[in-house]
Amino acid sequence: MSLHIWAGALEQGLLWGAMILGVYLTFRILNFPDLTVDGSFTLGAAVATRLILNGYDPWLATLVAVLAGAVAGLVTGLLHTKLKIDPLLSGILAMIALYSVNLRIMGTANLSLLRVDTIFTSVSSITGQSSAPLVLGGAVSLLVITGLYFFLQTEVGLGVRATGDNPQMIRSLGVNTDNTNLIGLSLSNALVAVSGSMIGQYQSFADVGMGIGMIVVGLASVII
C-alpha cells in the first residue's frame, strides 16, 4: 500500500512538473508575479477535454491546449506592456476573464473523459497501463527542463533573464523589454497549460474550478 501511494504521488508530481517550471519562469527568472496560472491551468484541461470529446486526436488536442495557454499568457503580457496595468493586476484580470472563457469552452461546469481514449491510452499500449502516467510525466518534465535550459542560453533567453534581473540596464542595450515579457509570459502559461491538459486526461475529467489555488502550489514548489 505504501509503495502504491508513493508511486501515485510521483506520477502526479511529474505531471504537475511543467506547471511548476512555468511558475518558476515568471516568478524567479522574469520577476513577474503572474496570477494567470489559476486560469491557464484550467484552460489547458478545458481545451484538451473538449477537443477529445469532439473526436480529435488526444495529442493534437493537447497541442492546441498548449497554444491556448500561450495566448492566455500573451493577453496578460499585453495588459501590462501596452495598457500599462500593474503586473499583479494584469494577472488577476486575465485569471478572472479565463473563468468565463473556460466555461464557454466546456459548455458546462465539468466534462468527463471516462471510457475515452487519451494520450495515456496510446502510451499505455507501449509501457503498460499502470506505468503510462509515470513514463509520460517523466518524459514531458525532462523535455521541458532540457528545452528551458537551452532556451535560456540563447540570445532571446538571455534577454528574458536580463529583463528579470535589471530591466533598465537591458533597455539601455537596445533590448525591447516589452517583447521579452511577452515571450516569457507566453512560454510560462504554455507550460502551465501542458500540465493542465495532462492532469485533466489523467483524472479523466475537467472541472472549471480545478485551477483554483494552482499558483499557491506552484509557488510552494518553487520555494521548496
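Residues numbered from 1 in each chain as written. Predicted model: local features only at pLDDT ≥ 70, side-chain atom pairs only at ≥ 80, totals over all residues. Heavy atoms only, no water.

(A) Structural context of the overall build of the protein. For the protein, the helix and strand inventory stands at 11 helices and two strands. Overall, the protein shows an N-to-C arrangement of helices and strands of α-α-α-α-α-β-α-α-α-α-α-β-α. Radius of gyration (C-alpha) of the protein: 17 Å, near the 17 Å computed for a compact globule of 224 residues. Along the first, second and third principal axes, the C-alpha set of the protein runs to 55 × 35 × 30 Å. (Helix = DSSP H or I, 4+ residues; strand = E, 2+ residues; numbered from the N terminus. Rg over C-alpha atoms; globule rule 2.2 N^0.38 Å.)

(B) Inspection of the packing of aromatic side chains at higher detail. Summed over all chains, the structure comprises three aromatic pairs. Arranged with centres 6.2 Å apart and planes meeting at 65°, the rings of Trp16 and Phe41 form a pair that is edge-to-face. Placement of Trp16 in the loop between helix H1 (2-15) and helix H2 (17-29) and of Phe41 in helix H3 (residues 37-53) is noted, with a sequence separation of 25 residues between them. For the ring pair Tyr149 and Phe150, a centre distance of 5.4 Å and an interplane angle of 80° mean the geometry is edge-to-face. Using a relative accessible area of 51% as the deciding quantity, one classes Tyr149 as exposed. (Phe/Tyr/Trp six-rings, centres within 6.5 Å; stacked < 30°, edge-to-face > 60°. Buried < 20%, exposed > 50% of the residue type's maximum accessible area, 1.4 Å probe, protein only.)

(C) Structural view of the side chain of Ser197. Take Ser197: it is sitting in helix H10 (residues 177-202). With relative accessibility at 1%, the residue Ser197 sits in the buried group.

(D) Up close: the packing of helix H4 (residues 58-81) against helix H6 (residues 119-127). Following both chains from N to C, one finds H4 and H6 inclined at 130°, their axes separated by 8 Å at the closest point. Classified by the angle their axes make, H4 and H6 are oblique. In this structure, H4 uses Pro58, Trp59 and Thr62 to contact H6, whose residues at the interface are Ile119, Ser122 and Val123. Among the residues making up the contact of H4 with H6, the classes are represented as four nonpolar, two polar and no charged. (Axes fitted to C-alpha atoms, helices over the stretch in contact; angles between N-to-C directions. Parallel < 35°, antiparallel > 145°, perpendicular 65-115°, else oblique. Contact = heavy atoms within 4.5 Å. Nonpolar A, V, L, I, M, F, W, Y, C, P; charged D, E, K, R; others polar.)

(E) Region of interest: unusual backbone geometry. Although it is not a glycine, Asn31 sits at a positive phi angle of roughly 55°. With respect to the helices, strands and loops of the structure, Asn31 is situated in the loop between H2 and H3. With a relative accessible area of 55%, Asn31 lands in the exposed category.

(F) Just the side chain of Thr177, in detail. Tracing the chain through its elements places Thr177 in helix H10. For Thr177, the side chain forms a polar contact with the side chain of Arg171, separated by 3.2 Å. In this view, Thr177 contacts Thr163, Pro167, Ile170 and Arg171; residues no more than four positions away in its chain are not counted. (Polar contact = N/O pair within 3.5 Å; in protein donor to acceptor, adjacent residues only side chain to side chain.)

(G) Molecular detail of the nonpolar core. In this structure, Met19, Val37 and Phe41 are the most contacted members of the largest nonpolar core, which totals 39 residues. Every residue in contact with Met19, bar those within four places of it in the chain, is listed here: Val37, Phe41, Leu191, Val192, Ser195, Met214, Val217 and Gly218. Among the nonpolar cores identified, the runner-up in size contains 11 residues, and Leu43, Val47, Ala48 and Leu51 belong to it. (Core = buried A, V, L, I, M, F, W, Y, C linked by side-chain atoms within 4.5 Å.)

(H) Highlighting the packing of H2 against helix H11 (residues 214-223). With their axes 9 Å apart at the nearest point, H2 and H11 run at an angle of 75° to one another. The angle between H2 and H11 falls in the class roughly perpendicular. Listed contacts from H11 to Met19, Ile20, Val23, Tyr24, Phe27 and Arg28 of H2 are Met214, Ile215, Val217, Gly218, Leu219, Ser221, Val222 and Ile223. The class makeup of the residues in the contact of H2 with H11 is 11 nonpolar, two polar and one charged.

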